[in-house]
Amino acid sequence: MGLFALFNHLFNFVLPAIWLASLLLLTHRVLARRRDVTLRWQREWLWLFGCGVLILLLGMLLLQRDGGMLTYVALALGMGGMQQWLLRHFRRREAPVAETEDLPVAPWHQGDTTRH
């Protein structure tokens with residue numbers, strides 16, 4: 001096998017992970033609010049791609065062949081789970097909302113009742 005054929009086989013092996021990582025990232029960036037996630041798109045794509053390649057390698061080792069439907073189902077579920085984990089883990093934290101009892105009250109308003 002030549003060098004070009006080797007790269008062609010490796011590229012075609014990881015192509016489902018490339019495609020699904022790009023699709024998940026694109027749909028998230030288009031459909032979701034961008035301010036919710038603090039993770040840059042390049043790093044998010046690398047997390048998804050790495051997860052996908054790992055799942056493809058495990059599928060090939062367990063099933064003894066490439067391209068099994070069970071591997072592709074695991075790829076979709078695993079990468080979807082990774083996307084969900086990334087969205088929860090790298091979400092921007094909002095400042096906690098203060099309770100009404102915790103708000104400071106001026107001394108001259110402490111005995112007042114609300115008037116309508």
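From a predicted model like this one, the values you see are computed outputs, not experimental measurements.

1. Observations regarding the pattern of salt bridges
And step 1. If you walk through the whole model with that rule in mind, you get one salt bridge.
And step 2. Glu-44 is the salt-bridge partner of Arg-29, the closest N and O atoms lying 2.7 Å from each other. Placement of the pair is Arg-29 in helix α1 (residues 3-31) and Glu-44 in helix α2 (residues 41-63), with a sequence separation of 15 residues. Judged on exposure class, the residue Arg-29 and its partner Glu-44 are both buried.

2. Digging into the packing of aromatic side chains
And step 1. A complete count under the given rule lists two aromatic pairs for this structure.
And step 2. Between Trp-45 and Phe-49, the ring centres sit 5.0 Å apart and the planes meet at 5°, which makes this aromatic pair stacked. Of this pair, Trp-45 and Phe-49 both sit in helix α2, four residues apart, which is roughly one turn of the helix.
And step 3. Ring geometry for Trp-47 and Trp-85: centres 5.6 Å apart, planes at 55°, overall tilted. With Trp-47 in helix α2 and Trp-85 in helix α3 (residues 69-89), the pair connects residues that are 38 residues apart, well separated along the chain.
And step 4. With a relative accessible area of 36%, Trp-47 lands in the partly exposed category.
And step 5. For Trp-85, a relative accessible area of 40% translates into the label partly exposed.

3. Some details on the nonpolar core
And step 1. Among the nonpolar cores identified, the biggest contains 17 residues, and Leu-48, Phe-49, Leu-75 and Met-79 are the most heavily contacted of them.
And step 2. Elements supplying a minimum of two residues to this core: α1, α2 and α3.
And step 3. Met-79 has contacts with Ala-17, Leu-20, Ala-21, Leu-24, Leu-48, Cys-51, Gly-52 and Ile-55, leaving out every residue within four places of it along the chain.

4. Points about α2
And step 1. Here α2 spans 32 Å end to end across 23 residues, near enough to the 33 Å set by a 1.5 Å rise per residue.
And step 2. Buried residues along α2 sit against α1 and α3.

5. A few points about a nonpolar patch on the surface
And step 1. On the surface, Leu-54, Leu-58, Leu-61, Leu-62, Leu-63 and Leu-70 cluster together into a nonpolar patch covering about 640 Å² of accessible area.
And step 2. According to the relative accessible area criterion, Leu-62 is exposed, its value standing at 71%.

Calculation notes
Residues numbered from 1 in each chain as written. Predicted model: local features only at pLDDT ≥ 70, side-chain atom pairs only at ≥ 80, totals over all residues. Heavy atoms only, no water. Salt bridge = Lys/Arg side-chain N within 4 Å of Asp/Glu carboxyl O. Helix = DSSP H or I, 4+ residues; strand = E, 2+ residues; numbered from the N terminus. Buried < 20%, exposed > 50% of the residue type's maximum accessible area, 1.4 Å probe, protein only. Phe/Tyr/Trp six-rings, centres within 6.5 Å; stacked < 30°, edge-to-face > 60°. Core = buried A, V, L, I, M, F, W, Y, C linked by side-chain atoms within 4.5 Å. Contact = heavy atoms within 4.5 Å. Expected span 1.5 Å × (residues − 1). Patch = residues over 30% accessible without salt bridge, like charges linked within 9 Å, V, L, I, M, F, W, Y side chains within 5 Å. Areas by Shrake-Rupley, 256 points an atom, 1.4 Å probe, with all protein chains shown as cover.

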